[in-house]
There are 2 protein chains.
Amino acid sequence: MEYRRIKDLQDKAGEEVHSHNNDEESLRGSKSDSISTGSGELSKWKRKSIVTLALTVLTSSQAILIVWSKRAGKYEYSVTTANFLVEALKCAFSLAALARIWRNEGVTDDNRLSTTLDEVSVYPIPAALYLIKNLLQYYIFAYVDAPGYQILKNFNIISTGVLYRIILKKKLSEIQWAAFVLLCAGCTTAQLNPSSDHVLQTPFQGWLMAIVMALLSGFAGVYTEAIIKKRPSRNINVQNFWLYVFGMVFNAIAILVQDFDAVANKGFFHGYSLITVLMILNHALSGIAVSMVMKYADNIVKVYATSVAMLLTAIVSVFLFGFHLSLAFFLGSIVVSVSVYLHSVGKVQRQQ
Amino acid sequence: MEYRRIKDLQDKAGEEVHSHNNDEESLRGSKSDSISTGSGELSKWKRKSIVTLALTVLTSSQAILIVWSKRAGKYEYSVTTANFLVEALKCAFSLAALARIWRNEGVTDDNRLSTTLDEVSVYPIPAALYLIKNLLQYYIFAYVDAPGYQILKNFNIISTGVLYRIILKKKLSEIQWAAFVLLCAGCTTAQLNPSSDHVLQTPFQGWLMAIVMALLSGFAGVYTEAIIKKRPSRNINVQNFWLYVFGMVFNAIAILVQDFDAVANKGFFHGYSLITVLMILNHALSGIAVSMVMKYADNIVKVYATSVAMLLTAIVSVFLFGFHLSLAFFLGSIVVSVSVYLHSVGKVQRQQ
């Protein structure tokens with residue numbers, strides 16, 4: 001039933017896009033164009049590249065901040081309050097961006113905050129999915145160590161590709177599918193270490209959480225793309241605002257359910273440190289970057305960006321934490337690089 | 001100067017092939033046709049598949065026999081005598097095959113043993129190269145352990161691809177090059193083990209021998225293909241006979257130079273065991289299989305066959321030696337499988 005509904009969104013989106021003859025259409029078009037022509041296309045290609053680059057940098061620093069913040073082994077601060085603040089911060093950023101737009105361009109149908117029940121009704125769903133996934137993201141460490149988690153996280157790649165195909169009905173060429181399998185194998189290879197085979201002994205709960213998280217994040221991502229692309233001309237900051245409002249609501253509920261006592265006794269900001277604040281800021285910014293990539297690119301670009309981010313994280317960790325790069329890392333990086341190359345080649349061929 | 005000479009061979013070969021309008025031409029044609037049509041093409045495709053399969057099976061059993069034969073840690077028998085017997089056996093097999101052909105078809109220009117200086121003059125070169133490579137193949141174990149050697153051996157893949165392109169002037173599509181890089185990365189990944197990073201500490205002699213071996217085997221393979229394909233209509237058994245005759249000569253020299261005393265004192269067959277005999281038989285048969293693949297397919301097919309053989313060896317070793325398959329092996333196997341798929345896809349695209 002969800003699927004049906006999203007398919008409808010998509011069909012509508014398609015119609016709107018092809019009937020619309022505005023900036024946003026060529027924007028959406030540029031998503032699938034490999035050879036951009038004209039300064040218009042070029043500026044869209046630039047925008048797409050900038051948001052993708054931003055996502056890559058933010059994601060790689062995110063992983064590093066997580067390692068730092070949990071150096072004590074446990075989280076001293078309440079995770080739910082942190083997640084709430086992330087959503088609140090994203091809301092604030094969206095409103096700030098809108099305020100500037102209203103001042104410059106005035107209020108239009110596309111950038112007004114007021115909305116219809118029809119438009120807003122679907123926004124809670126990804127917020128709910130992301131909430132569950134975010135909570136799991138912290139608790140899975142009870143069953144899997146960080147390297148093991150990194151390896152299991154690669155299920156996301158496959159789940160996103162499959163759900164992207166099923167839900168958004170977008171075609172990938174044979175070579176792009178091959179590239180996607182390679183991306184998953186390459187990322188996993190790059191994260192291999194002498195103790196990696198332990199991951200095969202991950203307890204059942206660990207496997208289950210990893211698979212559920214992969215499906216949740218895959219579905220949430222694809223569903224968000226469907227919502228954002230349903231109204232191509234709608235300002236992204238308005239769409240983000242409504243996404244994040246529901247994010248705040250769901251995280252508020254999580255605080256009440258999970259951490260009410262802790263927060264009531266120790267206070268909302270108990271255990272917060274500079275690193276916690278940086279982490280919240282980073283999560284907020286990367287969350288916005290994800291929305292931008294959904295609007296101006298798609299989930300496949302998102303997956304490639306976050307995968308390359310993994311490799312960057314490892315390279316940065318060499319300097320920060322004295323990690324050493326293994327033969328496996330080099331081999332995995334080669335496979336990922338070839339995968340990126342094949343994805344672009346496959347795109348060209350799909351269009352011929 | 002060698003290169004130039006081979007290029008000439010190749011050009012001549014090309015002309016001959018295209019002027020010839022006989023069975024052998026369509027045979028050579030079938031090498032590059034991906035979609036075979038007609039029962040003639042089909043039977044050639046079958047022949048190509050059979051020799052490729054034979055090479056795969058023989059190569060995988062070869063690795064296992066080597067492990068067995070050196071279980072004592074050292075070779076009790078003289079390596080040079082073993083190599084000599086391998087060449088002699090291949091000669092005998094070729095003559096036996098020819099005898100049958102003469103009985104059935106009578107002696108023709110294509111299957112007569114007598115030859116011209118022009119034809120025979122190039123046959124010693126691969127024999128010499130193979131000799132050096134075979135000797136190194138046993139002695140490199142002094143510097144690298146078996147897993148390390150398996151990893152370094154993957155240089156062969158790159159060297160063969162590059163020399164195939166340079167010497168035979170055969171084109172590979174972009175995707176086939178990508179597939180080739182993946183084949184090398186995938187094979188290496190599949191052979192990773194907790195101690196693989198030691199290979200990065202291989203002594204200089206080890207690296208040098210590995211690279212020299214890669215270039216020797218790559219060049220010998222490509223040069224042999226050039227010789228065999230120079231005269232498409234010439235019977236493969238005659239071509240093999242002359243290749244192996246020079247193999248016998250060079251190995252006889254090796255015996256005199258290296259093991260003369262040992263052979264004179266202890267006797268030619270000192271230290272031979274059943275496993276030694278099986279190894280010699282296996283080397284002889286896989287040597288013939290290689291020639292057949294050169295004649296009816298090419299060096300690229302040879303590399304893919306031997307790479308898949310590596311994976312088969314590992315799987316068989318699980319049962320024979322109780323090896324356990326690592327996460328890395330599964331990841332590498334996935335990458336190799338995708339590589340094989342991309343190679344065939346790339347072939348189709350090259351022909352469009």
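Keep in mind that this is a model prediction, so the values were computed, not measured. (Residues numbered from 1 in each chain as written. Chains lettered and ligands numbered in written order. Predicted model: local features only at pLDDT ≥ 70, side-chain atom pairs only at ≥ 80, totals over all residues. Heavy atoms only, no water.)

K.L.:
Please clarify how the confidence of the model for chain A should be interpreted in this entry.
P.N.:
Regions with low pLDDT should not have their predicted coordinates read in detail. Residue and element names in this part refer to chain A. Put simply, chain A has an average pLDDT of 82, and 86% of its residues get 70 or more. Counting interchain partners and residues more than four positions distant, the pLDDT-below-50 stretch residues 1–36 has 65 contacts. With pTM at 0.78, the complex prediction returns an ipTM value of 0.77. (pLDDT = per-residue confidence, 0-100. Contact = heavy atoms within 4.5 Å.)

K.L.:
Would you take a moment to explain the interface of chain B and chain A for this structure?
P.N.:
Where the parts come together, the accessible area they lose is often given as the size of the interface. On the side of chain A, 27 residues touch chain B, which itself brings 27 residues to the contact. A buried area of about 2100 Å², summed over both sides, lies between chain B and chain A, and 79% of it is on carbon and sulfur atoms. On the surface where chain B and chain A come into contact, there are zero salt bridges. At the junction of chain B with chain A, the criterion picks out two residue pairs in polar contact (both at pLDDT 80 or more). When residues of the side of chain B that touches chain A are traced back to their parent elements, those giving at least two are helix H9 (174–190) and helix H14 (327–351) of chain B. It is H14(B) that contributes the most residues to the side of chain B that touches chain A, 10 residues altogether. (Buried area = accessible area lost by both parts, 1.4 Å probe. Salt bridge = Lys/Arg side-chain N within 4 Å of Asp/Glu carboxyl O. Polar contact = N/O pair within 3.5 Å; in protein donor to acceptor, adjacent residues only side chain to side chain. Helix = DSSP H or I, 4+ residues; strand = E, 2+ residues; numbered from the N terminus.)

K.L.:
Got a minute to help me understand the relation of the copies chain B and chain A in this structure?
P.N.:
Placing chain B over chain A gives an RMSD of 0.1 Å and needs a rotation angle of 179 degrees, together with 0.0 Å of translation along the axis. The two molecules are tied by a two-fold rotation axis, judged by turn and shift. Considering only C-alpha atoms, the residue of chain B closest to the rotation axis is Pro194(B), which sits at 2.2 Å. The share of interface residues of chain B whose copies in chain A are also at the interface is 100%, consistent with both copies meeting through the same surface. (Least-squares fit on C-alpha atoms with pLDDT ≥ 70 in both.)

K.L.:
Explain helix H12 (residues 274–296) of chain B here, please?
P.N.:
Owing to its 3.6 residues per turn, the α-helix aligns residues three or four sequence positions apart on the same side. Helix length check: H12(B), at 23 residues, gives a terminal C-alpha distance of 33 Å against a target of 33 Å (1.5 Å per residue), a fit within 8%. Burial within H12(B) is extensive, with 18 of its 23 residues counted as buried. (Expected span 1.5 Å × (residues − 1). Buried < 20%, exposed > 50% of the residue type's maximum accessible area, 1.4 Å probe, protein only.)

K.L.:
What exactly am I supposed to notice about the environment of Gly106(A) here?
P.N.:
Residue and element names in this part refer to chain A. With respect to the helices and strands, the residue Gly106 is situated in the loop between helix H4 (79–105) and helix H5 (117–120). Taking the relative accessible area as the measure of exposure, Gly106 reaches 24% and is therefore partly exposed. Gly106 sits 57 residues away from Ser49 along the chain, and the two C-alpha atoms are 28 Å apart. Other than its neighbours up to four places away in sequence, Gly106 contacts Ile101 and Asn111.

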